[in-house]
Structure formats: C-alpha cells, structure tokens
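The lines below spell out each chain.
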Amino acid sequence: MLQHLSQFELADRPGMITSQSLDRGPGVVVVVPDSPAAAAGIRPGDIVTTIDGRALPPETALSASFDASRAHARADSVLDMLENTGTRRFPITLLRKDSVLVADVTPLPACPSHTHLARSNQRNAYADGRHIFLTTGLLSRLGNDDELAFVIAHEMAHNILRHATIMRGGDVKHGLGRTLGRSGRIIRETERAADVLGGAVMLDAGFDPVRGAAILQHLGGGDLGLDLFAAHDSAGKRIAAMRALVSARTPR
C-alpha cells in the first residue's frame, strides 16, 4: 500500500513529511505478507522513486488544499506504471532513509480493485471501475468483519463486472429519472448481480454473507452502490438473496 502527500489535508501534510518523508515520493505504508513486494524485500517506510526504470511523476500543488480528483489522479498515475509492467520481473528503486536500493519484483495475479477509506460523515461506499471507496461514516456503523466484507465484496463485484462502464452508458439516465423505466431496471439488475457475485466472493474468502448483509438493516437509507442515489432492492430482499446463496452452496 502506497500513500501520497496529495491524499492528505494541508494540516496533515507536515506530519506525514516528518514521519513518512512523503515529500520525497510515494511511501510504502503496508506490505502484504508473502506478496511480490515482500518477496522483493520492500518494507514499510520505503519511498518509491522509479518503476521499471521510469521516474515517478513529481507531486504537484503541494500547497493547494486537498482535492479528491487530484489525489485520485496521482494514485492512478503510479498504478498505471505498475500495471504497464505486465507479468514480467521488473525493478523498483527505493529510498530507505539515506540509502538507494533496487528491488526486483515478480508480479502475481491479484485483486483488480484498490480499497480506500474516505473521511466523510456520509454512510456510503462506491466503486468507479478501478477503486473502492468507503467512508468513515459508514465504517463507524459496521459491527463486525462480515459486514465490512459485505460492503467491500459488493463494490468489488461492481468492478469485476465492469458496471461503471454500464453506468456511464447512454441507457442509464442521470438526475431524477435515472431510477425509472429502462434506466432503473438496468441499475437494479447491476445491484442484484453485485450482491450475488459479492456474496460468492465472501463465501470463498470464508465470510458469512447473511451476517454481513445484516448491516443493510441499520444504514437508515445509506447507499452501497455506484453513486449516492443508486437504487437497490429492500434490505429484506437482499438479505433473503444471501440466505438463498448460502443455502445453494451448502452441501446436502
């Protein structure tokens, strides 16, 4: 997991520079055990300066207020460089305190989504085709890991099924009429499909979709779709669908 200075509010940036040296480049915050990064010797606290011999684009507008689109563009520019290496072994140049190191990374197939926590009082989660975002307001309402897994798996399913492309298509309206007629049917179909695939992903990962879907009863109108006004079936119907999914997967 990399963090970038542009992801932080102005008041938080001096602390991130002092503790993580993020003014020198994207910083490694977490290394997943047994991952390609771990095997290559990359550690939390390392600063990434080049990927496959190409220098990372510099941070811009560091004195400007936080802007979500700028932060997303910064993160995507680094992800693009990583993904463009394909499946071959490639070098990453790192700064570790005052030393320059080169780590040779051998990629492995992995999850196509990157999950982020957004500071907001809204109780919402959404997917944009590449990323998953959930808010601190929603996180504060979650009671267990199954509920968190339900939220993430649902949004991950949207990305796997390429629903963001459908949402941007001409058949889905924007504004007050988006949940009516053909547009509404398309939206509800994508939400049902995301529930089904998300529930299957949860089962494969060892989570309980029924226990996870219980969060729907406590959101008080909170949304778990591609945007704040996406239409879903009722909480009761969605929980029943998870029960049916679990029952179908349970050996007789």
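Residues numbered from 1 in each chain as written. Predicted model: local features only at pLDDT ≥ 70, side-chain atom pairs only at ≥ 80, totals over all residues. Heavy atoms only, no water.

## Topic: the pattern of salt bridges
Heads up, the rule is: In what follows, salt bridge is the name for a side-chain nitrogen of Lys or Arg lying within 4 Å of a carboxyl oxygen of Asp or Glu. Going along the chain from the N terminus, every DSSP run of H or I of four or more residues is numbered as a helix, and every run of E of two or more is numbered as a strand. Relative accessibility decides the category of a residue: with a 1.4 Å probe and only protein chains considered, values under 20% of the type maximum give buried, values over 50% give exposed, and everything between is partly exposed.
Overall, the coordinates contain nine salt bridges when judged by the stated rule. In this structure, the salt-bridge partner of Arg211 is Asp146, at a minimum N-O distance of 2.7 Å. Here Arg211, found in helix H8 (residues 209-213), pairs with Asp146, found in helix H5 (residues 145-160); they are 65 residues apart in sequence, far enough to count as distant. Looking at Asp146, the relative accessible area reads 11%, which means it is buried. Salt-bridge contacts for Asp195 lead to Arg238; the nearest nitrogen and oxygen are separated by 2.8 Å.

## Overview of the pairing of strand E6 (residues 99-105)
Here is the rule: A pair of strands is considered paired only if DSSP assigns at least 2 bridges between the two.
Relative to E6, strand E5 (residues 90-96) runs antiparallel, the two being bridged by seven bridges. From the neighbouring strand, Ile92 faces E6, where its bridge partner is Ala103. Count of turn residues in the E5/E6 antiparallel hairpin: two residues, of which Lys97 carries a positive phi of about 60 degrees.

## Quick notes on H5
Filter applied, for reference: One fewer than the residue count of a helix, multiplied by 1.5 Å, yields its expected span.
Taking 1.5 Å of rise per residue, the 16 residues of H5 would be expected to cover 22 Å, and the 22 Å separating its terminal C-alpha atoms lies within 8% of that figure. Counting buried residues along H5, 13 of its 16 residues qualify, which places the element largely inside the surrounding structure.

## What to know about the packing of H5 against helix H7 (residues 181-204)
Worth spelling out the cut-off: For helices, the fitted line uses only the C-alpha atoms of the stretch in contact; every axis is such a line through C-alpha atoms, and the angle between N-to-C directions lies from 0 to 180 degrees. Each angle is binned into one of four classes, with values under 35 degrees roughly parallel, values over 145 roughly antiparallel, values of 65 to 115 roughly perpendicular, and all other values oblique. For any helix crossing, the convention is left-handed if the near helix is rotated counterclockwise from the far helix by under a right angle, and right-handed if that rotation is clockwise. Whether two residues touch is decided by their heavy atoms; if any such pair falls within 4.5 Å, the residues are in contact. Residues are grouped as follows: nonpolar covers Ala, Val, Leu, Ile, Met, Phe, Trp, Tyr, Cys and Pro; charged covers Asp, Glu, Lys and Arg; every other residue, Gly included, is treated as polar.
Interhelical geometry of H5 versus H7 gives an angle of 120 degrees and a closest axis separation of 7 Å. Overall, the two elements H5 and H7 adopt an arrangement that is oblique. The two elements H5 and H7 meet at a crossing, and its hand is right-handed. Every residue of H7 that contacts H5 at Asp146, Ala149, Phe150, Ala153, His154, Met156, Ala157, His158 and Ile160 is listed here: Thr190, Glu191, Ala194, Asp195, Leu197, Gly198, Val201 and Met202. Considering only residue class, the contact of H5 with H7 consists of 10 nonpolar, four polar and three charged.

## Observations regarding the packing of aromatic side chains
Put simply, the rule is: Two rings from Phe, Tyr or Trp (for Trp, the six-membered ring) form a pair when their centres sit within 6.5 Å of each other. Planes less than 30 degrees apart are called stacked, planes more than 60 degrees apart edge-to-face, and all others tilted.
If you walk through the whole model with that rule in mind, you get one aromatic pair. Relative to Phe133, the ring of Tyr126 lies with its centre 5.0 Å away and its plane at 20 degrees, an arrangement referred to as stacked. What makes Phe133 buried here is its relative accessible area of 5%.

## Some points on the packing of H7 against helix H9 (residues 235-249)
As a packed pair, H7 and H9 sit with axes 10 Å apart at the nearest point and diverge in direction by 50 degrees. By the criterion of interaxial angle, the relationship of H7 to H9 is oblique. H7 and H9 meet at a crossing whose hand is right-handed. Contact residues: H7 offers Asp195, Val196, Gly199, Ala200, Leu203 and Asp204, while H9 offers Arg238, Met242, Leu245, Val246 and Arg249. Its residues assigned to classes, the contact of H7 with H9 comprises six nonpolar, one polar and four charged.

## Focus: the environment of Ile160
Its location among the elements puts Ile160 in helix H5. Between the alpha carbons of Ile160 and Ser6 there is a distance of 27 Å; along the sequence they are 154 residues apart.

## Topic: the environment of Ile187
Counting through the fold element by element, Ile187 comes out in helix H7. Using a relative accessible area of 0% as the deciding quantity, one classes Ile187 as buried. With 64 residues separating them in the primary sequence, Ile187 and Arg123 have C-alpha atoms 20 Å apart.

## Description of the sheet that holds strand E7 (residues 114-118)
Pairing is mixed in the open sheet, where three strands are placed in the order E7-E9-E8. Lying at the two open borders of the sheet, with one neighbouring strand each, are E7 and strand E8 (125-127). Neighbour-to-neighbour, the strand axes of the sheet open up by a mean angle of 20 degrees, direction not taken into account. Both E8 and strand E9 (residues 131-135) contribute to a ladder of three bridges, which runs antiparallel.

## A look at the nonpolar core
Our working rule: Here, the term nonpolar core denotes a set of buried Ala, Val, Leu, Ile, Met, Phe, Trp, Tyr and Cys residues that are joined through side-chain atoms within 4.5 Å.
Membership of the largest hydrophobic core comes to 19 residues, with the highest contact counts inside it found for Leu138, Phe150 and Ala213. Of all elements in the fold, only E9, H5 and H9 reach the threshold of two or more residues within this core. The greatest single-element share of this core, amounting to six residues, is contributed by H5. Val28, Val31, Leu56 and Phe90 belong to the second largest nonpolar core, which has 14 residues in total.

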